[in-house]
Structures are given as structure tokens and as C-alpha cells.
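Survey of secondary and tertiary structure
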Amino acid sequence: MKKVNSHTDSLSSNISVSDIAGGIPYDKSTDEKYMKKALQQARKAAKIGEVPIGCVIVYEDKIIGRGYNRRKKDKNTLSHAELIAIRKASRVMGDWRLEGCTMYVTLEPCQMCAGAIVQARMDRVVIAAMSPKAGCAGSIINLLQMDEFNHRVEITTGVLEKDCSSFLSSFFVDLRKRLKTENESVETGVVLNNEAEECDMKGNNT
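Because the structure is a prediction, the values reported are computed rather than measured.

1. Describing the overall build of the protein chain
Within the protein chain, the regular secondary structure consists of seven helices and eight strands. Each of the 206 residues in the protein chain was classed as buried or not, and the buried ones make up 46%. Put simply, 56% of the contacts in the protein chain that link residues at least 6 apart link residues at least 24 apart. Carbon together with sulfur atoms contributes 48% to the accessible area of the protein chain, which is approximately 10,400 Å² in total.

So, in C-alpha cells, the structure goes:
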């Protein structure tokens, strides 16, 4: 099983290809529709000053879980978009297993979220932008498709990549300007730079 970029590996302009079970086609327009919903969630995070990452989980063409980054707001390491969406989807499904579900997320999952996705037995993850310095769905390591685990997740990347990465970059540009105007503290500046570097947006914004 391999990672597939739906914008480059395609049967047509509307069909993206997976490499599972001999190649099951997915509709590109459907992937983009749900990624737009994930981006809406990311915008909610931005409004409360959080790094704008959003996520939705879809089962049988219906959204059953939504989440956006709330780590600083909740003062909780576990308040990542993916984990919030997984909790909500599990309540809807009435089970910890999310078999038959697809997750759409605006930024490549970290090690914690990638592990949760595997544990939830999710079928597929669609990722907009990769995170070369922190991502664990192929950038640093691919925890979603390790042969040593008893479950592997199909991955599609690059869906609305430009929209999602541009929004994330703009967030850090605007936040830096605002904090500079407001005489940011040294501690706040260090935290901001660390978060930007994790998302690999720092180099694009300076």
C-alpha cells in the first residue's frame, strides 16, 4: 500500500486512484467537498487564536465527526482536531472502531493523531498539506501504513493543498504582525516560532 496524491495520480480529472485492493477509484470532487468542510473547521481554530487545523470524519457520505485545534484554549495536549473528531464520530457510531470511515484533515497528522487513527481502524485519511518537520503519515515516518501493525490506513494527499497551506501560512504572518504590534512577550514569541516550525510554515513566512 502506498501514499497517493489525488492531484497527480488520476484516471480522469474527477477520479483519484487509491492503491488498496487493486485500486479503488475515488471521486475527486467528493474529496474536495469534504476537505472544504475540514477547512471550515480550521477557520474556527484561527478565530480563537489556535493554529488553524481542521478535520471531519465521513461515513457513508455523511459527516459524523468534526474537530478543530483547541490545544491552547483547552490547555490540553489531547485537544487536536483529529482526536476531537474521532471522539465525536465514535459517539455517533456507538463504537471505538471507525471502520468504513474516511478522515479529511487540513494538515498531516502528528504521531499522536496518526496512532489514534490506526487504533480506530479507520479505512482512509485524506490530507491537504504535508508537514515535513512533524508529520507522521509519510513525512518523518508513516505510522499509518506500518507492516508491523495489524491495521493499515489508505492515504490520499494533496487535496486542496494550496488552499489549506496558504491559509495556515497567512495565519502565522498575521499573528506575528499582531504580536509585534502588541509587544509580544519572549515566551509567547518562542511558542509561536515552535508551532510555526512544526507546521513547516516558518520558512515560508519570513
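2. Quick notes on the pairing of strand 8 (residues 154-157)
Put simply, side chains in a regular strand alternate between the two faces of the sheet. Both faces of strand 8 are covered, namely the face carrying E154 and T156 and the face carrying I155 and T157. Sheet analysis places strand 7 (residues 124-129) next to strand 8, joined by four bridges and oriented parallel. For V125, the partnering residue across the bridge sits in strand 8 and is I155.

3. Description of the packing of aromatic side chains
The geometry of an aromatic ring pair comes down to the distance between the two centres and the angle between the two planes. Within this structure, the stated rule accounts for two aromatic pairs. Between Y34 and Y104, the aromatic rings sit 5.5 Å apart at their centres with planes inclined by 40°, giving tilted as the arrangement. Highlighted residues: Y34 in helix 1 (residues 28-47) and Y104 in strand 6 (residues 101-107), separated in sequence by 70 residues. What makes Y34 buried here is its relative accessible area of 5%. The class for Y104 is buried, based on a relative accessible area of 4%. Taking the centre distance of 5.3 Å and the plane angle of 75° together, the rings of F171 and F172 count as edge-to-face. Over the ring of F167 we find R43, and its NZ or CZ is 4.6 Å from the ring centre.

4. Observations regarding the pairing of strand 5 (residues 62-68)
Strand 5 sits mainly inside the fold: five of its seven residues count as buried. For strand 4 (residues 54-59) and strand 5, the ladder comprises six bridges, and the chain directions are antiparallel. Its bridge partner being in strand 5, G54 is matched across the sheet by Y68.

5. Things to note about the side chain of D31
Within the secondary structure, D31 sits in helix 1. In terms of polar contacts, D31 uses its side chain to reach the side chain of Y104, at 2.8 Å.

6. Things to note about the environment of R121
Looking at the element boundaries, R121 is found in the loop between helix 4 (111-119) and strand 7. Judged by relative accessible area, which is 18%, R121 ranks as buried. Each C-alpha atom, one on R121 and one on G100, is 8.6 Å from the other, the two residues being 21 residues apart in sequence. Contacts of R121, omitting those with residues within four sequence positions, involve W96, R97, L98, E99, N150 and H151. At 3.1 Å, the side chain of R121 forms a polar contact with the backbone oxygen of Q119.

7. Describing the nonpolar core
Core analysis: the biggest nonpolar cluster contains 33 residues, and I57, L98, M103, I117, M122, V125 and L144 have the highest contact counts within it. At the level of elements, strand 4, helix 3 (81-93), strand 6, helix 4, strand 7 and helix 5 (161-181) are the ones that each hand at least two residues to this core. Element by element, the count of residues in this core is highest for helix 5, at five residues. The contact partners of L144, leaving out residues within four places of it in the chain, are A114, I117, V118, V125, C136, A137, H151, R152, V153 and I155. Judged by nonpolar contacts, the second largest core, of 15 residues, contains Y34, A42, Y104 and C164.

Rules of the game
- Residues numbered from 1 in each chain as written.
- Predicted model: local features only at pLDDT ≥ 70, side-chain atom pairs only at ≥ 80, totals over all residues.
- Heavy atoms only, no water.
- Helix = DSSP H or I, 4+ residues; strand = E, 2+ residues; numbered from the N terminus.
- Buried < 20%, exposed > 50% of the residue type's maximum accessible area, 1.4 Å probe, protein only.
- Contact = heavy atoms within 4.5 Å.
- Areas by Shrake-Rupley, 256 points an atom, 1.4 Å probe, with all protein chains shown as cover.
- Pairing = 2+ DSSP bridges.
- Phe/Tyr/Trp six-rings, centres within 6.5 Å; stacked < 30°, edge-to-face > 60°.
- Lys NZ or Arg CZ within 6 Å of the ring centre and 35° of its normal.
- Polar contact = N/O pair within 3.5 Å; in protein donor to acceptor, adjacent residues only side chain to side chain.
- Core = buried A, V, L, I, M, F, W, Y, C linked by side-chain atoms within 4.5 Å.

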